[in-house]
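# Summary of the model geometry
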Amino acid sequence: MEEMLTIGAFARACRLSPKALRLYDELDLLRPAHVDPETGYRRYAPAQLEHARLVAWLRRIGMPLARIREVCALDRREAAAEIRAYWAGVEAETTVRRDLAAFLIDQLTTTSREDTTMLHLRHSAHSDRGLVRPANQDTAYAGTRLLAVADGYGPEGGPASSAAVAALRRLETTDLPAGNVLNLLEEALREAAHGMTQDAGTTLTALLWTGSRLALVHIGDSRAYLLRDGGLFRITHDHTVVQSLIDEGRLTPEEATAHPQRALLLKALSATAAGPADLRLQDAAAGDRYLLCSDGLSTVVPDARIRDVLTAAPDPDAAVRSLIAAANEAGGPDNVSCVVADVGETAA
């Protein structure tokens, strides 16, 4: 009978920490060969080292635990094919992130120019109850200068989302000096939060048109996307528990989709927590197409599908209706709201 290895010796041999070994035992990914019934001390067989090293290598390349379990159950040829397919997906995602990084660098280093043309917006907005929820607590709005999506929650979630958008709509008739527009947005948020009840709140993602730039205000997990030169870029950051775990490297995007707390917000607009919201100016260019949406779209329709719909739609109204249809085709588990706006040129 081969000699058993202690958890410490086994950890050193397979380059996994004892903490990781305990976790993989709990997840039924790598069970010890023997567990002392009195002390609970784990021991491993030398023959388990190859399996443990495979787990360690797959984790090192970022593969989610659920997928590692599937790979370890395959024979060598099938496992190799599965790893090859996984890595192809990683490379595709890396390409998208590289393009986003290039876009952000360009945004931060390009000096705003004095255009010889004027820009204008052509837009459409629609909100749908979805197929499951008994009522619609979303608000979607597109006006002469304001684009906004809000997703309310709580017993008074509908009025909360409406109040948030209404507070911003007042700015459509206000002279907007470039240096003061973000302060005006922040004041509007405080005003909206002041009128809400204690048991309700809302997310809010909005763009306010200043004539050549867009002022962005964002809080919660509604989103804003930009389609530019064929690439789709998310220009907001979710204020959720799951996103914070991804940012800290404790969760992969694949694992996040099945996380039990994926809908838990870290920030929202409410009477007790009015911010801080994300506020910044966004340069606009002719040919840009913007999408604002509630999480009723983004949680069920992948970004790749959103990009395809936005690229194919001939105008904002067609894009909005196609995106809402895609969310409902995916089950429509939540209210879904979309605003799509195209930036066009007008001769000065």
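See the structure above.
The present account deals with the structure reproduced in this document. (Residues numbered from 1 in each chain as written. Predicted model: local features only at pLDDT ≥ 70, side-chain atom pairs only at ≥ 80, totals over all residues. Heavy atoms only, no water.)

Each disulfide is one covalent bond, formed between the sulfur atoms of two cysteines. One pass over the full model with this rule turns up zero disulfides. Free cysteine Cys72: the closest other cysteine sulfur is in Cys14, separated by 12 Å. The thiol of Cys338 is unpaired, and the distance to the nearest cysteine sulfur, on Cys293, comes to 5.7 Å. Cys338 gets classed as buried once you look at its relative accessible area, which sits at 0%. (Disulfide = S-S within 2.5 Å. Buried < 20%, exposed > 50% of the residue type's maximum accessible area, 1.4 Å probe, protein only.)

All of the buried residues along helix H2 (residues 18-26) are Ala20, Leu21, Tyr24 and Asp25. All buried residues of H2 lie within an arc of 140° about the axis, which places them on one face of the element. Relative to its buried face, H2 has exposed residues pointing more than 90 degrees away, namely Lys19 and Glu26. The secondary structure elements touched by the buried residues of H2 are helix H1 (7-14), strand E3 (42-44), helix H3 (49-60) and helix H4 (65-72). Two residues or fewer after H2 comes Asp28, characterised by a positive phi angle close to 60°. (Helix = DSSP H or I, 4+ residues; strand = E, 2+ residues; numbered from the N terminus. Arc of directions from axis to C-beta. Contact = heavy atoms within 4.5 Å.)

It is worth spelling out the environment of Asp99 at this point. For Asp99, the position within the fold is in helix H5 (residues 76-109). Residue classification places Asp99 among the partly exposed positions, given a relative accessible area of 34%.

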